[in-house]
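# A closer look at the structure
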Amino acid sequence: MSRNTPVTDPPAPSEGDTGRRDPRLLDTAATPGGWWRAAKRKVRAGELGAAPVVIGLLLIALVFQLLNDRFLSPQNLSNLTVQIAAIGLMTTGVIVVLLLGEIDLSIGSVAGLSAAVLAVTVMRHGWPEWAGIAAALGTGLLVGLFHGFVFAKIGVPAFVVTLAGLLGWQGLHLWAMSPDGTINTRSEGLIASLTQTYFVPWIGWAVVLLVLALHLASTLTSEHRRRAAGLPHRSLAETVLRTALLAVPLAAGAWILNQHNGLPLAFLVFVGAVVTLDLVLRKTRYGRMIYAVGGNAEAARRAGINTVLIRISVFGIASTLAALGGVMLVSRNIAASTTTGGGQELMMAIAAAVIGGTSLFGGRGNAYSALLGGLVLGAITSGLLLLPNVDTSVRFMITAAVLLVAVIMDAASRRGRKTHARGGG
Amino acid sequence: MSTPVLELSGISKTFGAVRALDEVDLHVQQGEVVALLGDNGAGKSTLVKVISGAHTADTGGAVVWDGRTVEITTPADAQRLGIATIYQDLALCDNLDIVANLFLGNEHLHFPGTLDEVEMERRAWELLRSLSVDIPDLRVPVASLSGGQRQIVAIARALLGEPRVVMLDEPTAALGVAQTAQVLDLIEQLRDQGLGVILISHNMADVRAVADRAAVLRLGRNAGDFPIAGTSYEEIVAAITGAADNPVTRRDGRQTAGAEESR
Ligand SMILES: Nc1ncnc2c1ncn2[C@@H]1O[C@H](COP(=O)(O)OP(=O)(O)O)[C@@H](O)[C@H]1O
Ligand SMILES: [Mg+2]
């Protein structure tokens, strides 16, 4: 028996230590043919990441701009960022649940309940607005922990628990709102300011610079540490180049938003939630545990992870974000009504998560799906509104088609990964 | 001969009316590979689970670790002693990369709660290099690995706890020829590093290739303990099936006869 049989053919010596990827997987991208083969392989293996949705977004923008040149106007784009904030926050919550391989059907009802709690406490009982917001978010958290408990501890499928939640919390919402039906909130104050505040231009630029500086600093330190540890690392030039590439969309966004009213607070809250969730998922042990439970719950359990606690907490996060979405809905409508959160919010939030690239099958996806998926659906809605003689029916059908494409890609890439796994070697 | 690192004596385990293990003895020394053999239902997996703390044995038996009597009642007990188990299903998270799988549940942290990826990746390289395993990139999802590579990741993961005894339940059952060779190399390497290895396998070729000793179970009892070097294949098969005249030897007899005729 020969010793040290390599598992695979020895990797071709790579030029320096620049690549982190498997050299065997990396088709030579130097030639167009190699690039094309690499792209085809990635499509089959389901490793495309954000590329399809970004391309889709650019296409959508192009089409609507051709149909109506107001689509890419600063005003329309600025409105779009505010319009997607509420459902975007709900999507952010859905993503965490999807990462576990579960689903939360109650987020629309929870958003509605939270809207009712906010309006009733503030307008009927005279609570300060911040206290009303805290009560709404607290309600969401409790509801989510309850869902998680029934699911993880008692063992009822999440689908059923949250389906009961969908009905039950909507019932509680209606009961809390009766007999009014609609409760108007103040047109000024903390609640209204959530969606009416726009920051003066320099703040938008400051946010962009801060994000870029933090990004550069953190990647530089981590690449430096990798280099010191003798691990494959990126060159200084590549790190700087990557930050520069990130700077392009950020600067473009700030420039466009500043041409209208400036950076909207609502959009900042949404993006802030996305970035925070992304950091939690990628950088913390807690996030790692969420992916592990979503990937293989039994393996996670044997590795000593408290799967029950992870599941309960994830449902808590999802409902809290849904409640924050409900607060945003109240802020935008300056009212809570019996229909708040009861419309397309649930469907749109789940669709956005999947369109953004988070898998329905658990363990795969990221926080930025909320932003990308939200932008796609927001762009479709806003673009169709600019067209004459186009009503909701068309929007539903287009949204359905986009969603179907996204789900098909999800399923295909899942199959691709399955057939690629255990192959070769 | 040194004292065994792990020595079991008189271990019994009953499931209701089934006596899965009946006064079983087993020992393994440092730097020794013991093949645990037996037909389906002989009690091999049950014995491994008793040792790994997944099952508790009935009272009456004794487990001696390093000359000291110990009790193993939970998986944590076994891990603390230095017993690592690689179950047949591997228990890997397909969606996570190799480094994440290796350290799952034992992540290195820098600030409270945040992952120290650099340190984990460095340790992972170190570990795999010490096993002479050549996986070019540790940041690919485990789903994209071959069966042999997955098995190796599972073994490497068990070795991170610096165990002194490693138990593998059918590690090569699902593997091709080259991958099997890779895993067997790894087992030899563990032996050379002074670990005790308990290997369950149905593949006699694997057993003959790496094991120093074969401990045979039959219907939950010890049915022989042979040094591989001085024992014929037929003797071991006879112990497994419980008869000198068994389907395997009959079949082999026919085939050798046939081969000689055609020569
Ligand atoms: N959890 C259990 N409950 C009841 N019977 C069991 C259990 N585990 C194993 N057994 C029985 O113990 C015997 C030995 O099984 P096992 O250890 O799995 O055999 P092997 O791994 O050698 O094929 C079998 O008769 C099996 O049915
Ligand atoms: Mg078995």
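For the structure, check the block above.
Residues numbered from 1 in each chain as written. Chains lettered and ligands numbered in written order. Predicted model: local features only at pLDDT ≥ 70, side-chain atom pairs only at ≥ 80, totals over all residues. Heavy atoms only, no water.

A few words on the overall build of chain A. Across its full length, chain A carries 17 helices and four strands. Relative to its full complement of 425 residues, chain A shows a buried share of 45%. Excluding contacts between residues fewer than 6 apart, the proportion of contacts in chain A whose partners are at least 24 apart in sequence is 77%. Per element, the accessible surface of chain A, about 20400 Å² overall, is 68% carbon and sulfur. (Helix = DSSP H or I, 4+ residues; strand = E, 2+ residues; numbered from the N terminus. Buried < 20%, exposed > 50% of the residue type's maximum accessible area, 1.4 Å probe, protein only. Contact = heavy atoms within 4.5 Å. Areas by Shrake-Rupley, 256 points an atom, 1.4 Å probe, with all protein chains shown as cover.)

Right, let's talk about the overall build of chain B for a bit. Of the regular secondary structure elements, chain B holds nine helices and 10 strands. Its C-alpha atoms give chain B a radius of gyration of 20 Å, within 12% of the compact-globule value 18 Å for 263 residues. Across its three principal axes, chain B shows a C-alpha extent of roughly 65 × 55 × 40 Å. The 263 residues of chain B split such that 54% are buried. Of the contacts formed within chain B by residues at least 6 apart in sequence, a portion of 63% connects residues at least 24 apart. For chain B, the computed accessible surface area is about 11100 Å², with 50% contributed by carbon and sulfur atoms. (Rg over C-alpha atoms; globule rule 2.2 N^0.38 Å.)

The next thing to look at is the site of ligand 1. Residues and elements named next belong to chain B. Contacts to ligand 1 come from F15, A20, D39, N40, G41, A42, G43, K44, S45 and T46. K44 places a polar main-chain atom, nitrogen or oxygen, 2.8 Å from an oxygen atom of ligand 1. Contacts to ligand 1 include T46, whose side-chain N or O atom sits 2.5 Å from an oxygen atom. Burial of ligand 1 by the protein amounts to 59% of the accessible area it has alone, namely 560 Å². With three residues, the single largest contributor to the shell around ligand 1 is helix α1 (residues 44-52). (Near = heavy atom within 4 Å. Polar contact = N/O pair within 3.5 Å; in protein donor to acceptor, adjacent residues only side chain to side chain.)

Our focus in this paragraph is unusual backbone geometry. Glycine aside, negative phi is the norm for most residues, and most peptide bonds take the trans geometry. With omega at 5 degrees, the peptide bond leading from S178(A) into P179(A) counts as cis. Within the secondary structure layout, P179(A) lies in the loop between α7 (158-177) and β1 (182-184). With a phi angle near 50 degrees, E23(B) is a residue other than glycine that sits in the positive phi range. Counting through the fold element by element, E23(B) comes out in strand β2 (residues 18-28). Here the phi dihedral of D66(B) falls at roughly 55 degrees; this positive angle occurs in a residue that is not glycine. Within the secondary structure, D66(B) is located in the loop between β4 (62-65) and β5 (68-70).

Below, the discussion takes up the environment of R285(A). Counting through the fold element by element, R285(A) comes out in helix α12 (residues 285-295). Residues within four places of R285(A) in sequence aside, it is in contact with G105(B), N106(B), E107(B), L109(B), G113(B) and L115(B). From its side chain, R285(A) meets the backbone oxygen of G105(B) in a polar contact 3.3 Å long.

Our focus in this paragraph is a nonpolar patch on the surface. Residues and elements named next belong to chain A. Together, I55, L59, L62 and L66 line one region of the surface with nonpolar side chains, adding up to about 440 Å² of accessible area. Position of L62 among the secondary structure elements: in helix α2 (residues 51-67). Taking the relative accessible area as the measure of exposure, L62 reaches 49% and is therefore partly exposed. (Patch = residues over 30% accessible without salt bridge, like charges linked within 9 Å, V, L, I, M, F, W, Y side chains within 5 Å. Salt bridge = Lys/Arg side-chain N within 4 Å of Asp/Glu carboxyl O.)

The next point concerns the packing of helix α5 (residues 107-124) of chain A against helix α14 (residues 307-333) of chain A. Residue and element names in this part refer to chain A. Relative to each other, α5 and α14 sit at 55 degrees, their axes nearing to 7 Å. By the angle class used here, α5 and α14 are oblique. By crossing handedness, the relation of α5 to α14 is classed as right-handed. On α14, the residues touching I107, V110, A111, S114, A115 and L118 of α5 are A318, S319, A322, A323, G326, V327 and V330. (Axes fitted to C-alpha atoms, helices over the stretch in contact; angles between N-to-C directions. Parallel < 35°, antiparallel > 145°, perpendicular 65-115°, else oblique. Left-handed = near helix turned anticlockwise from the far one by under 90°.)

A few words on the pairing of strand β1 (residues 6-15) of chain B. All names here are of chain B. In this structure, β1 lies alongside β2, joined through seven bridges in antiparallel fashion. Opposite L6, over in β2, you have V28 as the bridge partner. Hairpin remark: β1 followed by β2, antiparallel, with two residues in the connecting loop; positive phi at G16, about 55 degrees. Pairing analysis gives four bridges linking β1 to β4, with the strands arranged antiparallel. (Pairing = 2+ DSSP bridges.)

A few words on the packing of α2(A) against helix α16 (residues 368-385) of chain A. Residue and element names in this part refer to chain A. Two elements in contact, α2 and α16, have axes separated by 10 Å at closest approach and are oriented at 15 degrees. By the criterion of interaxial angle, the relationship of α2 to α16 is roughly parallel. Between α2 and α16 lies a crossing of left-handed hand. Listed contacts from α16 to V53, V54, L57, I60 and F64 of α2 are L372, L375, V376, A379, I380, G383 and L384. When grouped by side-chain class, the residues that make up the contact of α2 with α16 number 11 nonpolar, one polar and no charged. (Nonpolar A, V, L, I, M, F, W, Y, C, P; charged D, E, K, R; others polar.)

All names here are of chain A. As for its placement among the helices and strands, D104 is situated in the loop between α4 (85-99) and α5. On the basis of relative accessible area, D104 is assigned to the buried category, the value being 1%. Taking the C-alpha atoms as reference, D104 lies 39 Å from W36; in sequence the two are 68 residues apart. Setting aside its immediate chain neighbours within four residues, D104 contacts V97, H147, T162, F315, A318, S319, L346 and I350. Polar contacts involving the side chain of D104 include one to the side chain of S106, which spans 2.7 Å.

Here we come to the pattern of salt bridges. Tallied over the entire structure, the rule returns 27 salt bridges over all chains. Salt-bridge contacts for E238(A) lead to R234(A); the nearest nitrogen and oxygen are separated by 3.7 Å. Between R139(B) and E117(B) there is a salt bridge, and its shortest N-O distance comes to 3.0 Å. Of this pair, R139(B) sits in the loop between α4 (117-130) and α5 (147-159) while E117(B) sits in helix α4, and the two are 22 residues apart along the sequence.

This next bit is on α5(A). Across its 18 residues, α5(A) extends 25 Å between first and last C-alpha, which sits within 8% of the 26 Å expected from 1.5 Å per residue. The buried count for α5(A) comes to 16 of 18 residues, which makes it a mostly enclosed element. (Expected span 1.5 Å × (residues − 1).)

All names here are of chain B. One open sheet holds the four strands; their spatial order is β2-β1-β4-β5, and the pairing between them is antiparallel. Two strands lie at the open edges of the sheet, namely β2 and β5, each paired on one side alone. Here the strands of the sheet are splayed against their neighbours by 30 degrees on average, with no regard to which way each runs. With three bridges connecting them, β4 and β5 associate as antiparallel partners. Of the residues in β5, the one forming a bridge with V63 is V70.

Structurally, N95(B) is set in the loop between β6 (83-86) and α3 (98-102). The residues touching N95(B), leaving out its near neighbours within four places in the chain, are Y291(A), G295(A), G363(A), R364(A) and P141(B).

Remember that the coordinates give geometry; whether it matters functionally is a separate question.
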